Every structure is written in structure tokens, then in C-alpha cells.
Amino acid sequence: MKKITLLILVYFFSSQCIFSQDDTNDSYSYDPLEKVDVSLGGGVFMPLGDLSQYFGTAPFFDFSVDYNLRRKRAIGLSLQFVIPNQKDDFLYRRTIDTIQVKSTMMFNILVNFKKSLATSDKGQFDIKLGVGGSMITTDARNPFYSGQEGETKYETVGAILFAPGLEYKHSFNDDAQFIVGVSMHYAPYKVEGAVRENIGGLALVPKIAYIF
């Protein structure tokens, strides 16, 4: 999971530098801050399929930074938090045993690629693709935890995350902009190898966010 997160961050900041260099070659210049949208929002995490057997609908929080590019495109970074509503335990396989565990928190980190499909004076309709990682923390203590730096006290489950979606950004005025969107999250948690059961990984995530 740490490797996934590091790769995402490196790719994101490299892309920022590349696009910034491209913009300086234009015949006109921009204020970089005017091209950045920072949003804070929330919604609901609605598990589907096999995942709905273990998790119920739960609150969802999102913090995103989007950098608007030329040709109606944008690239961004999102940090997401879900407070799990777990309906049933799942089996977690360790080197010494297999135990029943509950989730305590879900964290997602995504790099988002956006393309505007339609624009008007007050709104903008975008399609997006998010790629990143998802991590579920559990209540199972790590039997090898010794307090050393870099060690985790509790067991975690991680997987790559894909999140295609649609968003509509509406501007009431210059100081009031909101985003209404919906994404489909897919994270095959069983790929990690630690989850003995196939708990699924598909969820629908509607949200609303305020742009600062």
C-alpha cells in the first residue's frame, strides 16, 4: 500500500510540473492559483454485490485538489475517508493463524483525470477516471508489532482502486461553487492475499462538495 501511495504522489507531482511547463509556452499566461480548485465534501458509500454482505451504507468524506489544464481537462488528487458500517466479520489470514476481523476505517487516495463534456455560463459537466489505492484498517492487532518506527499496530488490507465517475460543477456566483457527482469504486481486496474470503470490492459513491 505504501508503494502504491508513493507512486501516485510521484506521478501526480511530475504531471504538475510537465503541465506547468507546457502552459508557459502559450502566448498568454495564467495565474496558477486561478487554475486550482480545492473542494471539501461528503456523501454516502453504498457497497454493491459481495461487498454489501459485509458492509452497509456508510458516511463518506472527500478532500480534493484539481488543477485545470488546457482543452477542458483537469488532473487532481483526492483523499477519501469512509467510516465503515460493517454487517459481518470476514476472515483474515496471517502467517500464524486465521482470524475473524472487523474494519475500523477505510482510506482511499486517488489521482483523478477529468474531461469536460459540456459547459455553460453556470455549470460544467465532467467525466472522470480515478486510479489509486484503498486501505482498510482492522481491529486485529499485529502479533509482530514491537513499537518500531514504520510498523503498524493493527492489521490492514490494501488493494488498487479504480473509480470512474461523472460530476457536475455549478457556480451560483464567484464565491459559491458546488460539485454534485457519483463514482463507481472497484477495489479487489482479495488480491492482497490476506483476506481469505472474497468480500468483493464494488461500491456506488454519490457526493456533494463545496469548492473553496
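All figures in this text were calculated on a predicted structure; none of them were measured in a lab.

1. Examining the pairing of strand β11 (residues 176–186)
Here is step 1: Where strand β10 (residues 154–173) lies against β11, nine bridges are found, and the strand directions are antiparallel. Its bridge partner being in β11, Leu166 is matched across the sheet by Val182.
Here is step 2: Remark: two residues form the turn of the hairpin made by β10 and β11, two consecutive strands paired antiparallel.
Here is step 3: Of the pairings in the sheet, the one linking β11 to strand β12 (residues 202–211) comprises ten bridges and is antiparallel in character. Looking across to β12, one finds that Gln177 is bridged to Ile211.

2. So, a nonpolar patch on the surface
Here is step 1: Nonpolar side chains collect at one region of the surface, where Leu40, Phe61, Phe63, Leu79, Phe81, Ile83 and Phe212 lie side by side and expose about 660 Å² of accessible area between them.
Here is step 2: Listing elements by their share of the nonpolar patch, those giving two or more residues are β3 (58–68) and β4 (73–82).

3. Looking at unusual backbone geometry
Trans peptide bonds make up the majority, and among non-glycine residues the majority have a negative phi.
Here is step 1: Unlike most non-glycine residues, Arg71 shows phi in positive territory, near 60°.
Here is step 2: Considering the arrangement of structural elements, one finds Arg71 in the loop between β3 and β4.
Here is step 3: Judged by its relative accessible area of 59%, Arg71 is exposed.

4. With respect to the nonpolar core
Here is step 1: Counting 25 residues, the largest nonpolar core has Phe45, Phe55, Phe90, Val157, Tyr189 and Ile199 as its most contacted members.
Here is step 2: Secondary-structure elements contributing two or more residues to this core are β3, β6 (90–93), β8 (103–119), β9 (123–141), β10 and β12.
Here is step 3: Looking at this core, the element that brings in the most residues is β10, giving four residues.
Here is step 4: Setting aside anything within four residues of it in sequence, one finds Tyr189 in contact with Met106, Ser134, Ile136, Val157, Gly158, Ala159, Val195, Ile199, Gly200 and Gly201.

5. Examining the sheet that holds β3
Here is step 1: The eight strands lie next to each other as β1-β3-β4-β8-β9-β10-β11-β12, forming a closed barrel whose pairing is antiparallel. For this sheet, the mean inter-axis angle between neighbouring strands, taken without regard to orientation, is 25°.
Here is step 2: Bridge count between strand β1 (residues 36–48) and β12: eight bridges; the pairing is antiparallel. The residue of β12 that forms the bridge with Gly43 is Lys207.

6. So, the pattern of salt bridges
Here is step 1: This structure, assessed with the given rule, holds nine salt bridges.
Here is step 2: For Lys207, the salt bridge goes to Asp62, with nearest N and O atoms at 3.4 Å. With Lys207 in strand β12 and Asp62 in strand β3, this residue pair connects regions lying 145 residues apart in the sequence.
Here is step 3: Overall, Lys207 belongs to the buried group, its relative accessible area being 11%.
Here is step 4: Its relative accessible area of 2% is what places Asp62 among the buried residues.
Here is step 5: As a salt-bridge pair, Lys128 and Glu167 come within 3.1 Å of each other at their nearest N and O atoms. Taken together, the residues span a long stretch of sequence, with Lys128 in strand β9 and Glu167 in strand β10 at a distance of 39 residues. The exposure classification of Lys128 matches that of Glu167, with both residues buried.
Here is step 6: Salt bridges sharing partners connect three or more residues here, namely Asp62, Asp66, Lys114, Lys128, Glu167 and Lys207.

Reading the values: the criteria
- Residues numbered from 1 in each chain as written.
- Predicted model: local features only at pLDDT ≥ 70, side-chain atom pairs only at ≥ 80, totals over all residues.
- Heavy atoms only, no water.
- Pairing = 2+ DSSP bridges.
- Helix = DSSP H or I, 4+ residues; strand = E, 2+ residues; numbered from the N terminus.
- Patch = residues over 30% accessible without salt bridge, like charges linked within 9 Å, V, L, I, M, F, W, Y side chains within 5 Å.
- Areas by Shrake-Rupley, 256 points an atom, 1.4 Å probe, with all protein chains shown as cover.
- Salt bridge = Lys/Arg side-chain N within 4 Å of Asp/Glu carboxyl O.
- Buried < 20%, exposed > 50% of the residue type's maximum accessible area, 1.4 Å probe, protein only.
- Core = buried A, V, L, I, M, F, W, Y, C linked by side-chain atoms within 4.5 Å.
- Contact = heavy atoms within 4.5 Å.
- Axes fitted to C-alpha atoms, helices over the stretch in contact; angles between N-to-C directions.

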